[in-house]
Amino acid sequence: MHKRLVNHCTIELSLIPDGPILIKSGKEGADPTKPDMEFVETYHQDGRTIYLPGSSLKGAIRAHAERIVRSIGSDSKPTNPNLLWANDPLNDNYDYLKDRKDKQKKLSPPEIHLHSSFTDRLFGNTSIASRLRIEDAYPTDRTQLKLEERNGVAIDRVFGSVAVGPFNYQVCTGGEFKTKIHLKNFTLAQLGLIGLVLRDLNDGWFGLGFTKSRGLGTVRVQYEQAIVQYPACVLNSENQISLLGHSNLSWNHTTLLGVGAFLEESERDRYGFPKDDRLDTPVSAEAMPLGFGVQLTWHGNTVTDLFERSVKAWKKVVMSGATS
Amino acid sequence: MSSNPPPPKPSRPNLANSSPRRRNNSEQALPAKPYELIPFPKQPPCLKRPAGHDKYLPDRLHGTLFLTLTVQTALHVSTGVVVMGSDIGNNRIPLIKTMVQNPDQKLTIQGSSLKGCVRSVYEAVTRSCICKTKAKKLQIPDKYSECTPEPKKGRLDVCPACQIFGALNWQGLIEFQDAVCQSTGFATGFMPSLYRPRPDQRRAYFRQGKVAGRKFYYHTIRAIDRGQNQGIPVQTAAKEYIFTTALHFKNLTAEELGTLFIVLGQDPQYPIALKVGGGKPIGMGTMTVQVTAIDCIKGQNLRDRYVAYQSPDSTQLTGDVLQQLMQQHIQTAHASAFVEKPQLDALLEVLRYPTDREPPTGMY
Ligand SMILES: [Zn+2]
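Residues numbered from 1 in each chain as written. Chains lettered and ligands numbered in written order. Predicted model: local features only at pLDDT ≥ 70, side-chain atom pairs only at ≥ 80, totals over all residues. Heavy atoms only, no water.

**Quick notes on the pairing of strand β8 (residues 177-184) of chain A**
Residue and element names in this part refer to chain A.
Thinking step 1. Summarising the sheet, strand β1 (residues 8-17) and β8 pair through eight bridges and their orientation is antiparallel. Paired with Thr10 across the strands is His182, a residue of β8.
Thinking step 2. Direction of pairing for strand β4 (residues 132-134) relative to β8: antiparallel, over a ladder of three bridges. Bridging across to β8, Ile134 finds its partner in Ile181.
Thinking step 3. Pairing of strand β5 (residues 138-139) with β8, which is carried by two bridges, proceeds in the antiparallel orientation. Note that in β8 the partner of Tyr138 across the bridge is Lys178. (Pairing = 2+ DSSP bridges. Helix = DSSP H or I, 4+ residues; strand = E, 2+ residues; numbered from the N terminus.)

Below you can see the structure in the form of structure tokens.
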């Protein structure tokens, strides 16, 4: 089913440093006149600039998503594959994704999906492609960036003098970085979890980048817009969202649809997607440009409304785990 | 050729004149030292596997502490950078050592500086390692060397301070944000050249070949604002300046959080203040702490937080409820013997605030 694209969500947001942040470049110490640790830089729009690499952002978001799932779900594989759990991707040998009789053989794609953890289904593992992609975050206005060098020293506990340092590092304390998060073929619960992760990022429950224990990495999250698209749907004559070629599948034009909603029951169950993965929204669908596809758009701060709704779907997943 | 006169050259202090007593060779003639060494607990550090970051444990505490820090004696936390006075809007000063200022030009105490200061007190009142020192290995008391966990080899046991403040290769459970001044502007002070500690002369640093304890400077009623010694103007936060900050924590036990409250001076039995930044020997850097709010969750509240986008009810506590919660955790810490009472009692004598102690005179 992954060859089909049934839904896609793009969340456009800005990350605004709330205090210093540092995404370290790998090449420390190459130039002795440079700070010991400097911000990663790249060329963007014909100029050199610091930026937040999408890979770092994804790493931090994934780590926190796993932390949430382990905290209220399980941190190891439950017997029932539909229960909420998160693995530790770094220390998982993924034996459960291999055929029990023949370890050389992988399971079928639906079985692999079914037996992978909630977070692996979203962020990917060696056998599943990631559903989530984050673009590199670039400054909206390079002139607004505030960069400074900081010094660190450790004070000697016995003599009161400097025991370590000074070592210096470059931080960004002001400006705004714009990025986009893309989710494809997502369940509403997955979208809900991303909403909770971004809420926690904004609340300072985790940070981005290096030396978080020094209080670095705290950012505010500001939403520009979110667009949910159903590329294989059209708005029919009754102003309903309907899946092309499946005249029996249509929904009210204000419906938020998870991947499971588009699948036949048998296929949905084989993959372990939730039933009835849909919610009503205050947003009306519009036809996408070029006539194909349907989209719902949340502007500015109303993006949190999208998350509030999706978290209800997430809650269902959590609660089903709690009762079994 | 420039016609400007050369900048005034500070003259080296005349030791014979400025401090006649110093010329006597006996150690007795030294002025009272402005610090004390707090001896180590009788028992060596107790090492344990830290709680880690993988998940929020249901029986532990997670959240944010909101702090207000009030400057009691002039504060200078150096950036290590010296600039011309005109660079920071003061044309009368040729050169000045700067403090960090945020993008709104407000004085800022780096999170790392605050963390170091809080950590050193936490270390002293718990059975923790000597985490940073240039003392030689042979001079470190038995089992007190700095924790060096190796997570990759499965060696994770660390002392109480390393568990919550972190160690090499191990991220701690507490994160300190920058403390930002409530008002814009700054004061200018003067930092005399302070002498390096002289471990060979001050034999008190050692006892039977081992370091004798952890060094803490006394609070004094005021800082010496101008010495006869050579020195340099410094950007400072003056008395009454107020800073605010937030401190995030996860997976703390009640004892650990209680001990943190004690270290932050929230136990009425132990009214202590922090000593932050430079100029400690001359009375600088005294700051009192007020915990203004706490956002703290565990157990069912943790679950509630993660099944709703909006927090169900505010978990933020202030006022009397906050005070009760703090005192309750402080009592838990005392009762659990997690806090070493002899060390805490000794520290109280050094870090007690308010104080009637005069700043040192003469040499420091
Ligand atoms: Zn330690």
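**A few points about the nonpolar core**
Thinking step 1. If you look at the biggest cluster of nonpolar residues, it comprises 90 residues, and the most contacted ones within it are Ile11, Tyr230 and Trp314 of chain A.
Thinking step 2. Apart from the residues within four sequence positions on either side, Ile11 of chain A is in contact with Thr179, Lys180, Ile181, Leu191, Ile194, Tyr223, Gln225, Ala226, Val303 and Phe307 of chain A.
Thinking step 3. Membership of the second largest hydrophobic core comes to 71 residues, among which are Trp170, Ala187, Leu260 and Ile272 of chain B. (Core = buried A, V, L, I, M, F, W, Y, C linked by side-chain atoms within 4.5 Å. Buried < 20%, exposed > 50% of the residue type's maximum accessible area, 1.4 Å probe, protein only. Contact = heavy atoms within 4.5 Å.)

**Description of the interface of chain A and chain B**
Thinking step 1. Contacts between chain A and chain B engage 50 residues on the former and 53 residues on the latter.
Thinking step 2. Buried area between chain A and chain B, both sides added, is near 4400 Å², and the carbon and sulfur share of it is 54%.
Thinking step 3. Considering only the side of chain A, the residues that lose the most area to chain B are Arg157, Phe159 and Trp205 of chain A, jointly responsible for 23% of the buried surface there.
Thinking step 4. In this assembly, chain A and chain B are joined by five salt bridges. (Buried area = accessible area lost by both parts, 1.4 Å probe. Salt bridge = Lys/Arg side-chain N within 4 Å of Asp/Glu carboxyl O.)

**Some details on the coordination of the zinc ion**
Ideal values for angles at a metal depend on the geometry: 109.5 degrees with four tetrahedral donors, 90 or 180 degrees with six octahedral donors.
All names here are of chain B.
Thinking step 1. Note on the zinc ion: its protein donors are Cys129 (SG), Cys147 (SG), Cys159 (SG) and Cys162 (SG). The metal-donor distances range over 2.2 to 2.4 Å.
Thinking step 2. Coordination at the zinc ion is tetrahedral, judged from the four donor atoms that bind it and the angles of 107 to 112° they form at the metal.
Thinking step 3. Of note, the donors binding the zinc ion are all from one chain and are spaced C-x17-C-x11-C-x2-C. Here the residue Cys147 occupies a position in the loop between α3 (111-125) and α4 (160-165), and Cys162 occupies one in helix α4, the gap between them amounting to 15 residues. Accessibility assignment for this pair places Cys147 and Cys162 in one class, buried. (Donors = N, O, S within 2.8 Å, 3.2 Å for Na, K, Ca; no water. Tetrahedral: all angles 85-135°; square planar, octahedral: opposite > 155°, others 65-115°.)

**A look at the packing of helix α1 (residues 54-72) of chain A against helix α4 (residues 188-202) of chain A**
Residue and element names in this part refer to chain A.
Thinking step 1. Where α1 contacts α4, the two axes come as close as 10 Å, and the packing angle between them is 110°. As judged from the angle between their axes, α1 and α4 are roughly perpendicular. Listed contacts from α4 to Ile61, His64, Ala65, Ile68 and Val69 of α1 are Leu193, Ile194, Leu196, Val197, Leu198 and Asp200.
Thinking step 2. Counted by class, the contact of α1 with α4 contains nine nonpolar, one polar and one charged residues. (Axes fitted to C-alpha atoms, helices over the stretch in contact; angles between N-to-C directions. Parallel < 35°, antiparallel > 145°, perpendicular 65-115°, else oblique. Nonpolar A, V, L, I, M, F, W, Y, C, P; charged D, E, K, R; others polar.)

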